[in-house]
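# Examination of the molecular architecture
Given next are the chains, with one letter for each unit.
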Amino acid sequence: MGDSDQEARPCLSACKKSSAKETSDGYHGLTPLQSTRMVKRSEKYVWVPGLPPPPLDPHSVVKHDIVREYLSRYVHVLMSNYLMDKLVLSIVDGFAGGGEYVGSSGEFVHGSPQIVIDALAEQEVLLNVGREKPRKLDVRYYFVEKMASSLQYLNALLTSRYG
């Protein structure tokens, strides 16, 4: 990367609301946003629509396990009052990437955006086991990604998986 990369450049972000309907731009609740670049990131993690995602590094496996377990405990603690019917959350993934990787055996592995969405959906199901009156997690997701191709990959992935 050259010296010109040190200047602040706009980056893209994606948003997804858990109960969002398809918008006029076809993003199904995923909306590109403008933000300023704060941190330089290696070109190692680049997602391009139509190409395989980058390989999953061991440190990312650990990070994903921590995120999954943290969200599970977080929801459990906040919803420990059984009279509480709804929890409103805003979840920000500051380095979302393309949302998936290639694992060591060549399989596709979920990245943090899918892990967060799936973990919270699972917690909502668990909150309602044995209950007559349902409990709700109202979650707004913000997936921030500076690289346009990675954001396009993420938008396509989340739209195809979650609608």
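Here the structure is shown first, and the text comes after it.
Residues numbered from 1 in each chain as written. Predicted model: local features only at pLDDT ≥ 70, side-chain atom pairs only at ≥ 80, totals over all residues. Heavy atoms only, no water.

### Points about helix H1 (residues 58-78)
Because an α-helix completes one turn every 3.6 residues, residues spaced three or four positions apart along the sequence face the same direction. To be explicit about the condition: Here a strand is any run of E in DSSP of at least two residues, a helix any run of H or I of at least four, and the numbering for each starts at the N terminus. Working rule for helices: expected span equals 1.5 Å times residues minus one. Between buried and exposed lies partly exposed: a residue is buried under 20% and exposed over 50% of the maximum accessible area for its type, with that area taken using a 1.4 Å probe on protein chains only. Directions from the helix axis toward the C-beta atoms define the arc. We call two residues in contact whenever any of their non-hydrogen atoms come within 4.5 Å of each other.
Given a rise of 1.5 Å per residue, 21 residues ought to cover 30 Å, and the 31 Å separating the end C-alpha atoms of H1 matches this to within 8%. Within H1, burial applies to Ser60, His64, Leu71 and Val75. Buried residues along H1 cover an arc of 50° about the axis, so they all sit on one side. Exposed residues pointing more than 90 degrees away from the buried face of H1 are listed as Pro58, His59, Ile66, Tyr70, Arg73, His76 and Val77. In the core, the buried residues of H1 are packed alongside strand E3 (86-93), strand E4 (100-102), strand E5 (108-110), helix H2 (112-127) and strand E6 (136-145).

### With respect to a nonpolar patch on the surface
Selection criterion: Patches here: salt-bridge-free residues with over 30% relative accessible area, like charges joined within 9 Å, nonpolar side chains (Val, Leu, Ile, Met, Phe, Trp, Tyr) joined within 5 Å. In this description, accessible areas are obtained by the Shrake-Rupley approach with a 1.4 Å probe, and a residue is regarded as covered only by the protein chains that are shown. When a carboxyl oxygen of Asp or Glu is within 4 Å of a side-chain nitrogen of Lys or Arg, the pair counts as a salt bridge.
Together, Tyr70, Tyr74 and Leu78 make up a nonpolar patch on the protein surface, roughly 290 Å² of accessible area in all. Mapped onto the secondary structure, Tyr70 falls in helix H1. Residue Tyr70 is classed as exposed on the basis of its relative accessible area, which comes to 52%.

### Digging into the packing of H1 against H2
Helix-helix packing: each pair is described by the crossing angle between the helix axes and the interaxial distance. Keep this limit in mind: In this analysis, axes come from line fits to C-alpha atoms, helices being fitted only over the stretch in contact, and the angle between any two N-to-C directions falls in the range 0 to 180 degrees. If an angle is under 35 degrees, it is roughly parallel; if it is over 145, roughly antiparallel; if it lies from 65 to 115, roughly perpendicular; otherwise it is oblique. By definition, turning the near helix anticlockwise from the far helix through less than a right angle yields a left-handed crossing, and turning it clockwise yields a right-handed one. Any residue outside Ala, Val, Leu, Ile, Met, Phe, Trp, Tyr, Cys, Pro, Asp, Glu, Lys and Arg is labelled polar, Gly included; the first ten of those are nonpolar and the last four are charged.
One way to put it is that H1 packs onto H2 with a least axis distance of 9 Å and a crossing angle of 30°. It follows from the interaxial angle that H1 and H2 lie roughly parallel. Considering only the axes of H1 and H2, their crossing is right-handed. Contact residues: Lys63, His64, Val67, Arg68, Leu71, Ser72 and Val75 in H1; Ser112, Ile115, Val116, Ala119, Leu120, Gln123 and Leu127 in H2. Taken together, the residues of the contact of H1 with H2 sort by class into 8 nonpolar, 4 polar and 2 charged.

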